[in-house]
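Okay, here's what each chain looks like letter by letter:
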Amino acid sequence: MKRLPLCLLALLLNLTAWAADIYVAPNGSDINDGSKNAPLATVAAALRKARELRRLLAKGETETIRIILSGGIYNLFEPLYIRPEDAGTADGPTTIQAAPGEQPILSGGINITNWKKTKGVAGMNAKVIGNVWEASVPALAMGEIRQLAFRQLWVNGVKATRAKNTAGDSMDRIVSWDKKDAACWVRGTRLPLLAGNNTVEMFIHQWWAIAVLRIKKMEMHGDSTKLFFMQPESKIQNEHPWPAPWINKETGNSAFYLTNDIAFLDEPGEWYLDMDAHKIYYWPRSNEDLSTANVVAPLLETLVQVQGSADAPVSNISFNGIAFMYTGWLRPGQQGHVPHQAGMYMTEAYKLKPAGTPDKKTLENQAWIGRPAAAVEINFANNIHFENCRFEHLASTGLDYNTGVQDNRIKGNLFKDIGGTALLAGVFADAATEIHLPYNPKDTREVCDKLLISNNLITDAANEDWSCVGIGLGYTKNSIVEHNEVENVSYTGISMGWGWSPTANAMKNNFIVANKVHHYGKHNYDCAGIYTLSAQPNSWIVENYVDSIYKAPYAHLPSHWFYLYTDEGSSYFTVKDNWTPSQKYLQNANGPGNQWINNGPMVKEKIKLNAGLQSNFQFLAAEKTAPHYLPINTEHSEVIELITKAGDTLDVKKLQAFLRENKMDTTAVYQWKNHYVIFDKLKDALAFKGKLQAAFPQAEVKWYADMFYEFNRSRCDDKNVAKEWDHILLTCNLVADKKMQDEYLNYHATQFEKWPELSKGFCNASFQQLLIFRNGRQLVLVISIPKGESLDKLNPKTMEGNPRVVEWNKMMAKYQEGIEGTKKGESWVFLSPLAP
């Protein structure tokens, strides 16, 4: 048999492969032919044309189709639906791409125009009328006239704030939660103004999540108000045990604010939508001119829906250079929102009595969940790729690869200003499956498999639902998360896994490699830069960089944050060569087979520098958002105090044995009379306090959760730190006057800015750190000095040529007084270290 020359064979093979370009432009028309000179107007029309081109191909022919979008805004009034009939092939894929050098935007928003200064409206604070503008909300013809409903608003690309009852980023604290009446007690004098308004919502922070509760009724009782909530969220919120409203005198009760009432519109950047009057009211920021501003409200929750089936998946479609912008999030206003974790909202949840299930004997709760809407949703699809795209100004999830997705790639994209999770993948639990049951379907086509998430920048995510994450993976296998940068997120940076169980499931062979996670935990704790759940055989967390967690102002437990966190059931992980500033990690109720190797600040510098975006993707760095104004948290020792009755002594040997059992330093105990203070690092201060109280039931145990002041050598010209330190501990009370207490705290909050001479004095005295902790009125001051030095010798150096230090000390004296048992006129007393 004679063989054809290779060049002739290739020519013949190519006769069956075709290419077609379909052009789309905002000024096009869907009656055009889609050529470059006669473009279509919509992507939907282009997809239909591509579908028909494929349908008419002869058997054996393939066709590569490029849908090329000119720059500009493509307003969508319904999601773009991509079906199995739209699928390309491996040899003839379909690409939806930007024209060279242009930026097409698929937008779910609608512009609000014709603003004018308001003359006021019932309920509006008369003092703000000269600052507030109003506009009519557009009515949209979609088969029938309907009014546009929305919960978000962007002005010149910056998200505005729904009017709320607290100023700026501040929140109030609840008084209590009434389980019997399914109600919440709060304090406030402004609340009577809201009587009869059934659009007001409560946003409440609870543990690692938040909840949005629509208020049904308010009852005034003196200076407090009792709030009742609508169904279905009221039942879920009242019955689910995790996470629940936080009640704690040491760290403060759950923080909250109320939103969505015209009476709350009282500062720049806030807006209110009056659905009955079809009006929107907005107080513009100082740099905004509403006569020219681009004001956008979202019409859609989903822009693109890729939907196949197990037997007919959508395949071989790529998006390149497309922007997906302006989507909403409506569920909280329709059914409330009570998430369990990672933004997955509960549809039913309750406490088990007695505890225990066949898979987990100690399990004490049950929950079923739903999944939040996403701007781009993908189900039963393979080889669906996103490269060089923008996901921006999206109120819920950005991009969601849900069920039955294989061999997909997300590379070199920007996720910015995302209300929920930026990038979500894999099944978490379907509506019929309890969340603690291991997911391992017989039909493996349901499982998310071979997903590559590489070189994406995620910034300013989870800015509406604080329980969401930067990258969230549920049940996935053979997937890689590599060289991404995640910053400015409200909770965890990268979360992988679900189920809380070491039982075998669908997850295995997953890799989190060389990612850079920083500036996370802006609002919620019980978090980490990288977090895992459940058994995932042969899975690796290696060579990542995790740094800079925010000091979350309303965290339920101020020290319950971590750089790396393997949570319940995490099994068969290798955690190796990850750079973190310290080894603040948590391994909570892990299963077998985990290996932790060489993690912490000793990891090689080249690993640290290699993490994050690779050189070809550094252009994304220009899109990074500025760090939040919040300070950065660092690992520090905690202060726990035991107080016996006056005249009683504590069994010190028993206490030191207790510390040894908990792998703590037995020399970290300091005493003054009947006060015994432990100053050491703790993984979980609240849990330790509980154990300590159980061991010493006769003593009062206090945790000083509020470390409100920290000086360290980073504020000195000479930043060298002594290798070993001695700690000097003192304690006193603040005076009882609440106003003076606030003044004292404010002086310390602004000390570095307004009293820089104090830092100079501390530096001059070789102080290594100064920490002040607070529990109620009582303070504990920790001064750390080089080991072997004397405070009597060093302290005078703080005042050498520095009269401002003397002035400060004199001024602070009026705010301080001695604790019980001190002499008259005595304030600070020294706690002496106990002998080992």
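In this text, all values refer to a predicted model and were calculated from it rather than measured experimentally.

1. As for the confidence of the model for the protein chain
It should be kept in mind that the predicted coordinates are not to be read in detail where pLDDT is low. Averaged over every residue, the pLDDT of the protein chain is 94; residues scoring 70 or more account for 96%. The low-confidence segment residues 1-15 (pLDDT under 50) makes one contact with residues lying over four places distant or belonging to another chain. This stretch, residues 141-145, has a pLDDT under 50; its non-local contacts, to residues over four places away or in other chains, come to three contacts.

2. Quick word on the state of the cysteines
One pass over the full model with this rule turns up one disulfide. Residue pairing for C716: its cysteine sulfur links by disulfide to C763, the two sulfurs lying 2.0 Å apart. Here the S-S torsion is close to -90 degrees, and the disulfide linking C716 with C763 is therefore left-handed. One end of the pair, C716, is in the loop between strand 59 (706-712) and strand 60 (725-734); the other, C763, is in helix 10 (residues 756-764), and 47 residues separate them in sequence. The residues C716 and C763 share a single accessibility class, namely buried.

3. Quick word on the pattern of salt bridges
Two side chains carrying opposite charge are able to pair once their charged atoms lie near each other. On inspection of all chains with the given rule, the structure shows 35 salt bridges. Note that R777 and E817 form a salt bridge whose closest N and O atoms lie 2.3 Å from each other. Residue R777 is found in the loop between strand 61 (769-775) and strand 62 (778-786), and its partner E817 is found in strand 63 (residues 816-817); the two are separated by 40 residues along the sequence. The exposure class of E817 is partly exposed, given its relative accessible area of 31%. Three or more residues joined by partner-sharing salt bridges are found here, namely D178, K180, D181 and K226.

4. A closer look at the pairing of strand 6 (residues 104-107)
With burial as the criterion, each face of strand 6 is covered, one bearing P104 and L106 and the other bearing I105 and S107. The pairing of strand 3 (residues 72-75) with strand 6 spans four bridges and is parallel. The residue of strand 6 that forms the bridge with I73 is I105. Sheet analysis places strand 6 next to strand 27 (residues 323-327), joined by three bridges and oriented parallel. Paired with I105 across the two strands is A323, which belongs to strand 27.

5. Quick notes on the side chain of Q152
Within the secondary structure layout, Q152 lies in the loop between strand 11 (145-147) and strand 12 (154-155). A relative accessible area of 1% places Q152 in the buried class. Polar contacts involving the side chain of Q152 include one to the main-chain amide nitrogen of W329, which spans 3.4 Å. Side-chain polar atoms of Q152 contact the side chain of E464, separated by 3.2 Å. Ignoring sequence-local partners within four residues, the contact set of Q152 consists of W271, A297, P298, T327, G328, W329, A395 and E464.

6. Description of the sheet that holds strand 9 (residues 133-136)
Taken together, the five strands give an open sheet; going across it, the order is 8-9-23-22-14, and neighbouring strands pair in mixed fashion. A single partner strand is all that each edge strand has here, and the edge strands are strand 8 (116-117) and strand 14 (161-162). Here strand 14 runs beside strand 22 (residues 270-274); their pairing, made up of two bridges, is parallel. Paired with R162 across the two strands is W271, which belongs to strand 22.

7. Some words on unusual backbone geometry
Looking along the chain, the bond that leaves Q231 and enters P232 is cis, with omega of 15 degrees. Along the chain, P232 falls in the loop between strand 20 (224-229) and helix 3 (233-239). Between W242 and P243 the backbone carries a cis peptide bond, its omega angle lying at -15 degrees. Of note in this structure, N114 is not a glycine but carries a positive phi near 60 degrees. On the secondary structure map, N114 appears in the loop between strand 7 (109-111) and strand 8. The exposed category is assigned to N114, whose relative accessible area is 71%. The phi angle at N260 is positive, at roughly 75 degrees, despite the residue not being glycine.

8. Considerations on the nonpolar core
Formed by 121 residues in total, the largest nonpolar core has its most connected members in L153, F324 and F386. Ranked by residues supplied to this core, first place goes to helix 2 (residues 43-55) with five residues. If we skip the residues at most four places from it in the chain, L153 touches I112, V158, K159, A160, W271, I280, Y282, V295, V296 and A297. Listed in part, the 50 residues of the second largest apolar core include A163, L227, W498 and L586.

9. Some details on the pairing of strand 64 (residues 829-833)
When strand 56 (residues 669-672) meets strand 64, the two strands line up antiparallel, connected through two bridges. Looking across to strand 64, one finds that Q671 is bridged to S832. Alignment of strand 60 against strand 64, held across three bridges, turns out to be antiparallel. Within strand 64, the position partnered with L729 by the bridge is L831.

10. Brief notes about the environment of A263
With respect to the helices and strands, A263 occurs in the loop between strand 21 (255-259) and strand 22. The exposure class of A263 is buried, given its relative accessible area of 7%. Along the sequence, A263 and T362 sit 99 residues apart, while their C-alpha atoms lie 48 Å from each other.

11. Some details on the environment of I458
The residue I458 is located in strand 39 (residues 457-461) in this model. Residues I458 and T421, 37 residues apart in the sequence, show an inter-C-alpha distance of 9.7 Å.

12. Quick word on the sheet that holds strand 16 (residues 176-178)
On the basis of which strands lie adjacent, the open sheet formed by seven strands has the order 15-21-18-19-20-17-16 and antiparallel pairing. Looking at strand neighbours, the two that pair on one side only are strand 15 (172-173) and strand 16, the edges of this open sheet. Pairing geometry for strand 18 (residues 201-206) and strand 21, over four bridges, is antiparallel. Each residue of the ladder has a partner; that of E201, found in strand 21, is T259.

13. Some remarks on the environment of T644
For T644, the position within the fold is in the loop between strand 55 (638-643) and helix 6 (652-661). As for T644 and A122, which are separated by 522 residues in sequence, their C-alpha atoms are 58 Å apart.

Analysis parameters
- Residues numbered from 1 in each chain as written.
- Predicted model: local features only at pLDDT ≥ 70, side-chain atom pairs only at ≥ 80, totals over all residues.
- Heavy atoms only, no water.
- pLDDT = per-residue confidence, 0-100.
- Contact = heavy atoms within 4.5 Å.
- Disulfide = S-S within 2.5 Å.
- Helix = DSSP H or I, 4+ residues; strand = E, 2+ residues; numbered from the N terminus.
- Buried < 20%, exposed > 50% of the residue type's maximum accessible area, 1.4 Å probe, protein only.
- Salt bridge = Lys/Arg side-chain N within 4 Å of Asp/Glu carboxyl O.
- Pairing = 2+ DSSP bridges.
- Polar contact = N/O pair within 3.5 Å; in protein donor to acceptor, adjacent residues only side chain to side chain.
- Core = buried A, V, L, I, M, F, W, Y, C linked by side-chain atoms within 4.5 Å.

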